[in-house]
Amino acid sequence: MLKVGIIGAGRIGKVHAESITKFVPNAEVKAIADPFMTDETREWAKSMGIKDVYTDHKDILNDSEIEAVLVCSSTDTHSQMSIEAAEAGKHIFCEKPIDHDLERIHKVLEVVEKAGVKFQVGFNRRFDHNFKSVKQAVEAGKIGEPHIIKITSRDPEAPPAEYVKVSGGIFLDMTIHDFDMVRYLSGSEVEEVYAVGNVLIDPAIGEAGDVDTAIITLKFKNGALGVIDNSRRAAYGYDQRAEVFGSKGSVAVTNDTNSTAVISTVDGVNAEKPLYFFLERYMQSFADEVKEFVDAIVNDTEVPVTGIDGLKPVLIGLAAKKSLEEGRPVKISEI
């Protein structure tokens, strides 16, 4: 039984704790730490069977029984927490992004390699049943050589402007998942990015220096082309779709819904709206990514999403920001 500790008891920390408790039989959450620990969270931890609850993450790092940590703290602490965990000899699952600063990301990867510990980045959408099916079809050659990769990713509600000010902006807090997904589905690296965007939803987001609606086109090393469209607010719910079009055909997936029931009457044809947001849409993927992380530790195999996989989407995101600011295509080699 692998004993793990979770740094950060916010929304995503709790998701991982519950996923491990319910769906990962060979792992146990021994401890959780958060500097803003509340009585309510302590009670929740107790209900999850978590023995140790701390306000200082170093209590987790100093626990010799804990072999792995999940870094689920605020984004601006990911790199430092990862470095400290590696130096303490713990295997690390780090929520995305590792950092917004490339130097700090490289530092993390250097320390992790030196420590000889496993390091997995939390791009959970790779573990989603729909996107895995697309990936499998592409890898099996069913659609031939990929020519066009299309991703639609739209949130049901825009975040507050205060969040945008510290999140790194749409390309690093939202589209970063899509940048990872196009790499995953295409099997190739992005060479060039061209981004356009506008503020169509909330003027406060524009005042915070960001856009809330964007379209990004990409060129890949294998010659394929990509298109990502993003919106901070889709009135009908969480919109997550993908298609890979190739020389022999295409494979596409649409949104998950509560049911596939379609009601057809004289008044029209009605179907369910998409699941509301990422917790409903991707809950199983959160469990599956941690299960594979634990399996990699137990079996001493490669983690499925590496530190390099964590670095590349940040590079693409920074190129997209530069493209939007300068109004031109930007090569990844420029970043």
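Before reading further, recall that the structure is shown in the block above.
Quick look at the structure, then. Quick caveat, the model's predicted, so the values are computed rather than measured.

Another point: the sheet that holds strand β9 (residues 213–220). The pairing of strands in a sheet happens through backbone hydrogen bonds and is either parallel or antiparallel. If you walk across this open sheet you meet the seven strands as β12-β11-β7-β10-β9-β8-β15, and the pairing is mixed. For this open sheet the edge positions go to β12 (249–253) and β15 (330–331), each flanked by a neighbour on one side alone. Relative to strand β10 (residues 225–231), β9 runs antiparallel, the two being bridged by seven bridges. The partner of Ile215 across the bridge, within β10, is Asp229. In the packing of helix α9 (residues 175–186) onto the sheet, contacts are made with β7 (146–154), β8 (190–198), β9, β10 and β11 (239–246), and the angle to β7 comes to roughly 155°.

Attention shifts here to the side chain of Ser79. Within the element layout of this structure, Ser79 appears in helix α4 (residues 78–87). On the basis of relative accessible area, Ser79 is assigned to the buried category, the value being 5%.

Moving on to the layout of surface pockets. Leftover empty space is mapped by rolling, across the atoms, a probe with the size of a water molecule. Approximately 1,100 Å³ is the volume found for the largest pocket. Lining the largest pocket are 36 residues, with Arg11, Thr75, Lys96, Tyr163 and Asp173 sitting closest to its centre. Those elements that provide at least two residues to the lining of the largest pocket are α1 (11–23), α7 (161–167), α8 (170–173) and α11 (278–299). Here the residues of the lining of the largest pocket are counted per class, giving 16 nonpolar, nine polar and 11 charged. Here the second largest pocket defines a volume of roughly 290 Å³. Taken together, 15 residues form the lining of the second largest pocket, with Val112, Val117, Lys118, Phe119 and Glu302 sitting closest to its centre. Residues belonging to the lining of the second largest pocket are distributed by class as follows: six nonpolar, five polar and four charged.

Here α9 is 12 residues long and its end C-alpha atoms lie 16 Å apart, about the 16 Å a rise of 1.5 Å per residue gives. Of all the 12 residues making up α9, 12 are buried; the element is thus mostly covered by neighbouring parts of the structure. For α9, the full list of buried residues reads Thr175, Ile176, His177, Asp178, Phe179, Asp180, Met181, Val182, Arg183, Tyr184, Leu185 and Ser186. Phi for Gly187, located one or two positions after α9, is positive at around 70°.

Turning our attention to the packing of aromatic side chains. Tallying each qualifying case throughout the model produces two aromatic pairs. When the centroid spacing of 6.1 Å and the interplanar angle of 90° are considered together, the rings of Tyr238 and Tyr282 count as edge-to-face. Of this pair, Tyr238 sits in the loop between β10 and β11 while Tyr282 is found in helix α11, placing the two residues 44 residues apart along the sequence. The residues Tyr238 and Tyr282 share a single accessibility class, namely buried. Across the ring face of Trp44, the terminal group of Lys14 is positioned such that the distance to the ring centre comes to 5.6 Å. In this structure, Lys135 is placed above the aromatic ring of Tyr184, and the distance from its NZ or CZ to the ring centre is 5.1 Å.

Turning to the state of the cysteines, a few remarks are in order. According to the stated counting rule, one finds zero disulfides in the structure shown. We note that Cys94 lacks a disulfide partner, and the nearest cysteine sulfur, in Cys72, lies 8.6 Å from it. Taking relative accessible area as the criterion, Cys94 reaches 0% and is therefore assigned buried.

Rules used throughout
- Residues numbered from 1 in each chain as written.
- Predicted model: local features only at pLDDT ≥ 70, side-chain atom pairs only at ≥ 80, totals over all residues.
- Heavy atoms only, no water.
- Pairing = 2+ DSSP bridges.
- Helix = DSSP H or I, 4+ residues; strand = E, 2+ residues; numbered from the N terminus.
- Contact = heavy atoms within 4.5 Å.
- Axes fitted to C-alpha atoms, helices over the stretch in contact; angles between N-to-C directions.
- Buried < 20%, exposed > 50% of the residue type's maximum accessible area, 1.4 Å probe, protein only.
- 1 Å grid on protein atoms, 1.4 Å probe; cavity = no way out; pocket = protein on both sides within 12 Å on 5 of 7 lines; lining within 4 Å.
- Points joined across faces, edges and corners; volume = space filled by probe spheres on them.
- Nonpolar A, V, L, I, M, F, W, Y, C, P; charged D, E, K, R; others polar.
- Expected span 1.5 Å × (residues − 1).
- Phe/Tyr/Trp six-rings, centres within 6.5 Å; stacked < 30°, edge-to-face > 60°.
- Lys NZ or Arg CZ within 6 Å of the ring centre and 35° of its normal.
- Disulfide = S-S within 2.5 Å.

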